[in-house]
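Close look at the chain arrangement
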Amino acid sequence: SKQTEKAPTFFLPTCHQGLPKLPLPDLKDTMDMYLRCVKHLLTEEQFNKTQKIVKQFEAPGGVGELLQSKLVEKREKTANWVFDYWLNDMYLNNRVALPVNSSPVMVFPQQNFRAPIDSLKFAAHLISGVLEYKALLDCSHDLPVDCARGQLAGTPMCMEQYHRLFTSYRLPGLEKDTLVAQESSMMPEPEHMIVACKNQFFVLNVVINFCRLNERDLLIQLEKIKKMAESGEDRLPPVGVLTSDGRTEWAEARSILMRESINRDSLDMIERSICLVCLDEASGPELSDTTRAMLMLHGGGAAKNGGNRWYDKPMQFVVGEDGCCGVVCEHSPFEGIVLVQCTEYLLKYMIGSPSKLVRAASVSELPAPRKLHWKCSPEIQKRISSSADKLQRLVKNLDMNVHKFCDYGKEFIKKQKMSPDAFIQVALQLAYYRSHGRMVSTYESASTRRFQKGRVDNIRSATPEALAFIRAMTDGKLNSKKMRMLREAITAQTNYTVLAISGMAIDNHLLGLREIAQEMKMEKPEIFQDAAYLISNYFLLSTSQVPTTVEMFCCYGPVVQNGYGVCYNPQSNHIIFSVSSFHESPETCSAEFVKHLLQGLQDMMDLCNECSTDPNTAERRKGPTLEPHSQASQLEKTLQRESDPTKGKSPAQTNVQIQSQSSAKVKKNNGKK
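What you see as residue numbers is a count from 1 along each chain, following the sequence as written. Side-chain atom pairs in this predicted model are given and counted only at pLDDT of 80 or more, local residue features only at pLDDT of at least 70, and totals for whole chains, interfaces and linings cover all residues. As a rule here, side-chain values cover all heavy atoms of the structure and leave hydrogens and water aside.

Per an unreviewed UniProt entry, the recorded name for the protein chain is Choline O-acetyltransferase, and the organism is Oryzias latipes. UniProt positions are given in the numbering used here, feature names are shortened, and annotations may be inferred rather than shown by experiment. Looking at the protein chain in UniProt, the text filed under Function (unreviewed entry) is "Catalyzes the reversible synthesis of acetylcholine (ACh) from acetyl CoA and choline at cholinergic synapses." We quote the UniProt Sequence similarities (unreviewed entry) comment for the protein chain here in full: "Belongs to the carnitine/choline acetyltransferase family."

Here's what the structure looks like:
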């Protein structure tokens with residue numbers, strides 16, 4: 001319509017309007033890229049076997065063509081052909097515990113609370129910010145649509161995930177969880193939050209008599225809650241710790257709780273709430289970035305604040321008496337960028353909007369917040385004890401290292417005419433190689449929100465070009481050759497990034513082929529039983545870039561027991577790295593990985609500085625860096641064509657040339673980013 005054409009931006013009610021459907025790559029393109037991605041990660045014998053399996057799978061009239069045709073049909077009938085497959089595989093089918101394994105956290109700057117009331121004032125101010133932000137979401141036209149940054153910048157993004165920030169809940173199941181989301185505007189909006197304090201749960205009504213509570217009234221209510229929690233009367237077991245257990249164990253415990261009406265009421269109030277606000281007790285004297293990251297991930301265990309949580313809720317705002325504050329996020333409803341946008345709004349709101357504790361219009365005679373009660377049978381008591389023990393083991397097992405690298409940041413990398421994200425990914429490959437003497441399957445999340453109901457696909461960062469550069473760095477080659485190989489690795493990483501954000505990467509496609517075969521009740525195709533597929537989907541290095549414009553950082557745990565989780569936040573002149581692994585694995589050590597990472601970043605900087613003084617090298621530098629941009633332009637045209645199905649060829653057809661030039665979850669094992 002003319003109105004749409006004139007509009008300066010897109011808005012939530014039309015979050016799908018004008019956005020193309022997620023493309024379906026050509027089968028041969030994906031098979032060729034799959035072989036390229038795995039070849040250098042396999043033995044020669046393994047690769048030869050995989051080649052034969054792939055050739056048989058993609059043969060004319062073979063199983064691959066049949067499955068591809070079914071995916072083509074599915075794409076025509078649905079908004080996003082991979083959405084349900086991906087959500088189930090990444091999260092809902094996963095049985096591991098949410099803390100550390102699946103739920104990322106945002107860690108706020110350390111707060112300086114000088115008196116106990118200060119933390120409550122901070123919480124009241126934060127709640128006011130949440131209500132302001134929720135009002136923007138509820139009044140959809142007030143929230144402009146995100147536009148992509150970085151590669152293919154300016155493309156409008158699907159905004160559907162924002163709707164689930166405060167209206168969803170992950171319901172545990174014996175075999176599969178359910179993402180419960182309020183889809184209908186006919187449903188009554190929740191008007192309460194749950195406040196957790198000393199492992200007890202309280203209903204904080206934020207709307208009373210059709211009026212939203214002001215900040216002064218919120219503080220009054222929080223003071224009442226803290227007093228009730230500290231009174232010691234009717235102190236109940238830490239039921240929240242049950243939500244930290246494996247999903248099947250929690251589903252079993254929840255079904256037992258549901259036998260009692262009082263428990264059903266408490267569960268209903270929590271599940272329908274806007275969010276949780278966790279008023280934590282002080283956890284100890286040392287509050288380094290690493291310590292705060294760990295406390296945000298697991299609460300310090302049941303002995304500290306681990307039971308002061310309800311991990312099924314998407315948003316848990318943590319306010320510690322000792323100034324340790326942040327957000328715990330249940331990841332299935334939305335991606336990290338949505339969490340970042342929300343938290344940045346809140347922190348900017350709190351900085352830019354003075355605390356309003358003296359406001360005249362308050363609700364007179366505020367009713368006291370209601371404490372939620374539980375009837376805990378001996379079986380539930382036993383399960384609470386078991387869950388607490390498992391959480392404590394997780395606390396002891398987590399090996400976290402948060403480091404602020406200050407030698408340079410993204411501005412230095414940009415001056416080298418390189419992508420900061422690609423540069424850092426190559427540095428991570430170098431660090432892993434120096435730590436373990438080999439390259440391994442790596443996951444880097446890439447947003448597909450340029451498409452209807454888009455979530456993420458995987459950028460396969462362990463490229464042959466990165467391996468060539470790494471070997472050059474250890475083989476003592478000339479700096480000019482190292483520099484050329486670094487640029488080739490950067491280009492390969494950048495090209496694959498463009499493929500992934502354009503919906504043309506291989507992981508979602510392979511997942512769709514596997515899942516549609518299961519739907520058809522076929523015997524699992526050999527390609528998905530092959531060692532190469534298992535190795536390529538066992539992500540020993542799970543990574544994600546989570547940049548912020550406000551001082552804070554994101555972190556999460558590894559997705560496999562002998563792997564690393566690496567989240568990084570590149571700023572102009574520094575980079576924050578959050579590296580996690582597990583102590584129980586004899587193969588990993590976060591401090592050792594960080595040591596090699598810092599050395600690698602220093603070596604790469606030295607290489608850039610040395611080679612930038614060579615005019616011949618500088619001249620060569622101009623060539624390869626143009627390639628990603630020209631390819632990005634070509635893919636932008638592809639995306640435009642995809643939005644109008646009447647024009648030209650499919651994106652898969654136009655992509656053959658790009659894939660032939662470019663390289664080459666987190667994921668399945670635990671579900672991540």
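So that's the structure; there's more coming.
Quick look at the pattern of salt bridges
By definition, a salt bridge exists where a carboxyl oxygen of Asp or Glu is found within 4 Å of a side-chain nitrogen of Lys or Arg. A complete count under the given rule lists 30 salt bridges for this structure. A salt bridge links Asp245 to Lys390; the nearest nitrogen and oxygen atoms lie 3.0 Å apart. Here Asp245 is found in the loop between helix H7 (215–230) and helix H8 (247–257), whereas its partner Lys390 is found in helix H12 (residues 378–397), with 145 residues between them in sequence. The class of Asp245 is buried, set by a relative accessible area of 6%. Numbering of helices and strands runs from the N terminus; a helix is a DSSP stretch of H or I covering at least four residues, while a strand is a stretch of E covering at least two. Each residue gets one of three labels from its accessible area relative to the maximum for its type: buried under 20%, exposed over 50%, partly exposed in between, using a 1.4 Å probe on protein chains only.

Let's talk about the nonpolar core
Where a protein is soluble and globular, its nonpolar side chains tend to be buried together. Ranked by internal contacts, the top residues of the largest apolar core, which has 97 residues, are Tyr34, Phe423, Phe469, Leu486, Phe577 and Phe593. In terms of residue count, helix H14 (residues 420–436) provides more of this core than any other element does, ten residues in total. Residues count as neighbours in contact if any of their non-hydrogen atoms are within 4.5 Å of one another. With residues up to four places along the chain from it excluded, the contact list for Phe469 reads Val426, Lys482, Met485, Leu486, Ala489, Met604 and Leu607. Among the buried residues, those of types Ala, Val, Leu, Ile, Met, Phe, Trp, Tyr and Cys that are joined through side-chain atoms within 4.5 Å form a nonpolar core.

Looking at unusual backbone geometry
Within the chain, Val100 stands out as a residue other than glycine whose phi angle is a positive 70°. Looking at where Val100 falls in the secondary structure, it is placed in the loop between helix H5 (83–92) and strand E1 (105–107). A positive phi is found at Phe210, a non-glycine position, where the angle reads about 65°. In this structure, Phe210 sits in the loop between strand E6 (207–208) and strand E7 (211–212).

Remarks on the side chain of Asp177
Assignment of secondary structure puts Asp177 in the loop between strand E2 (168–171) and strand E3 (178–181). Any pair of nitrogen or oxygen atoms within 3.5 Å is treated as a polar contact; in protein, a donor-acceptor pairing is required on top of that, and neighbouring residues in sequence qualify only through side-chain atoms on both sides. Within polar-contact distance, the side chain of Asp177 engages the side chain of Arg95 at 2.9 Å. A distance of 2.6 Å separates a polar atom in the side chain of Asp177 from a polar atom in the side chain of Arg247. Not counting residues up to four positions away in its chain, the partners in contact with Asp177 are Leu92, Arg95, Arg170, Leu171, Pro172 and Arg247.

Remarks on the environment of Asn495
Mapping Asn495 onto the fold places it in helix H16 (residues 479–501). Taking the C-alpha atoms as reference points, Asn495 and Ala422, 73 residues apart in sequence, are found 9.7 Å from one another.

Here we look at the packing of H5 against helix H17 (residues 507–519)
Orientation is described by axes fitted as lines to C-alpha atoms, over the contacting stretch for helices, and by angles from 0 to 180 degrees between their N-to-C directions. For the pair H5 and H17, the least separation of the axes is 10 Å and the interaxial angle reads 95°. When the interaxial angle is binned, H5 and H17 end up roughly perpendicular. In this structure, H5 uses Tyr85, Trp86 and Asp89 to contact H17, whose residues at the interface are Asn508, Leu511, Gly512, Arg514, Glu515, Ile516 and Glu519. The residue makeup of the contact of H5 with H17, split by class, is four nonpolar, two polar and four charged. Throughout this description, any angle smaller than 35 degrees is read as roughly parallel, any larger than 145 degrees as roughly antiparallel, any in the 65 to 115 degree range as roughly perpendicular, and the remainder as oblique. Under the scheme applied here, ten amino acids are nonpolar (Ala, Val, Leu, Ile, Met, Phe, Trp, Tyr, Cys and Pro), four are charged (Asp, Glu, Lys and Arg), and all others, including Gly, are polar.

Topic: the sheet that holds strand E11 (residues 370–371)
Pairing between two strands requires that DSSP report at least two bridges joining them. If you trace the eight strands from one edge of the open sheet to the other, you get E11-E5-E4-E8-E9-E10-E1-E16, paired in mixed fashion. The sheet is open, and its two edges are formed by E11 and strand E16 (553–555), each paired on a single side. Bridge count for E1 against E16 is three bridges, and the pairing is antiparallel. Across the sheet, Val105 pairs through a bridge with Cys555, a residue of E16. Along the sheet face, H7 touches strand E4 (192–197), strand E5 (200–205), strand E8 (276–280) and E11 and points at about 160° away from the line of E5. Contacting E1, strand E9 (315–320), strand E10 (325–329) and E16, helix H10 (residues 289–298) runs over the sheet at an angle of about 145° to E1.

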